[in-house]
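# Structural overview for review
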Amino acid sequence: MSPARTRHQHPLSPRIRVVGDPILTRRCQRVGKINDLARRVIADLKATLLEVGGAGLSAPQIGSNLCIIGIRTGAVAKVIINPEIVGISGERLVATERCLSIPGMQFDIERPVSCKWRGLDEKGRKLSGEASGWSARVLFHETEHTYGLLISELARRQAQRPPTHIPIVGEEAVASAS
């Protein structure tokens, strides 16, 4: 007989935090140095992401307040530390998204079609790149977790705003750089 799940436990993995857990709505702490704690979080994040088969996962979703996300590409989980969205396309698209921390729910979310990003790899080396389509969507979604923003809240905000301007994480940085 399996133990009863706690109020904040995911049905697929006890490591994944679900809506109602306060860590999911807190802004993460940026990683300054890749130390033993960061390496443990990275290993757990990658293992959990591959175990549950999600498109992405963030450190808060496994109970850590470090600013780390994982993106799955096939059978490989790649990590971005201190991810930042530094550029976005003007074109936007609405698509249905799910979140491992909100089991059984889905939300229609409007996002830019592409973005430029930067961060660090597992060894602390600078990374940067461009993402488009589904990859950009996953990158936005996981980066928002590091700001304490769940898609349920984003969907609520988008429903209250005029369709001509729906801010997303990173947009304020892009606007101030212009």
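First, a word on what this report is: a plain description of the structure on this page. (Residues numbered from 1 in each chain as written. Predicted model: local features only at pLDDT ≥ 70, side-chain atom pairs only at ≥ 80, totals over all residues. Heavy atoms only, no water.)

### Quick notes on the pairing of strand 3 (residues 76-88)
Applicable threshold: At least two DSSP bridges between two strands are required for those strands to pair. The secondary structure listing takes helices from DSSP runs of H or I that are at least 4 residues long and strands from runs of E that are at least 2 residues long, numbered from the N terminus.
When strand 2 (residues 68-73) meets strand 3, the two strands line up antiparallel, connected through six bridges. By the bridge assignment for strand 3, Gly70 is matched with Val79. As consecutive antiparallel partners, strand 2 and strand 3 are separated by two residues, and within that stretch Gly74 has a phi angle of approximately 65 degrees, a positive value. In terms of strand pairing, strand 3 meets strand 6 (residues 114-120) through five bridges, oriented antiparallel. Opposite Gly87, over in strand 6, you have Lys116 as the bridge partner.

### Things to note about the sheet that holds strand 1 (residues 56-58)
For clarity, the threshold we go by: Whenever a helix is involved, its axis is fitted only over the stretch in contact; in every case the axis is a line through C-alpha atoms, and angles between N-to-C directions fall within 0 to 180 degrees. Here a residue-residue contact requires only that any non-hydrogen atoms of the pair lie within 4.5 Å.
Pairing is antiparallel across the open sheet formed by five strands, whose spatial order is 1-2-3-6-7. Taken across any chain shown, the strands that pair with only one partner, and hence form the sheet edges, are strand 1 and strand 7 (126-132). When strand polarity is set aside, the average angle formed by the axes of neighbouring strands in this sheet is 40 degrees. Of the strands in this sheet, strand 1, strand 2, strand 3, strand 6 and strand 7 are in contact with helix 2 (residues 134-146), which crosses strand 2 at around 155 degrees.

### Side note on the side chain of Asp21
For clarity, the cut-off: Think of it in three bands: with a 1.4 Å probe and only protein chains considered, a residue is buried below 20% of the maximum accessible area for its type, exposed above 50%, and partly exposed in between. Pairing of N or O atoms within 3.5 Å defines a polar contact, subject to two protein rules: one partner must be a possible hydrogen donor and the other a possible acceptor, and residues neighboring in sequence count only if both atoms are side-chain atoms.
Among the secondary structure elements, Asp21 is positioned in the segment before helix 1 (36-52). Residue classification places Asp21 among the buried residues on the basis of a relative accessible area of 9%. Of the polar contacts made by the side chain of Asp21, one reaches the side chain of Arg17; its length is 2.8 Å.

### Observations concerning the nonpolar core
Formally: Working definition of a nonpolar core: buried Ala, Val, Leu, Ile, Met, Phe, Trp, Tyr and Cys residues. They are joined through side-chain atoms within 4.5 Å.
In terms of nonpolar packing, the biggest core is built from 19 residues, with Val31, Val41, Leu57, Leu66, Ile68 and Ile81 touching the most fellow members. Mapped onto this core, the elements with two or more residues apiece are helix 1 and strand 3. Looking at this core element by element, the count peaks at six residues for helix 1. When residues no more than four places from it in sequence are discounted, the contact partners of Val31 are Ala38, Leu66, Cys67, Ile68, Ile81 and Asn82.

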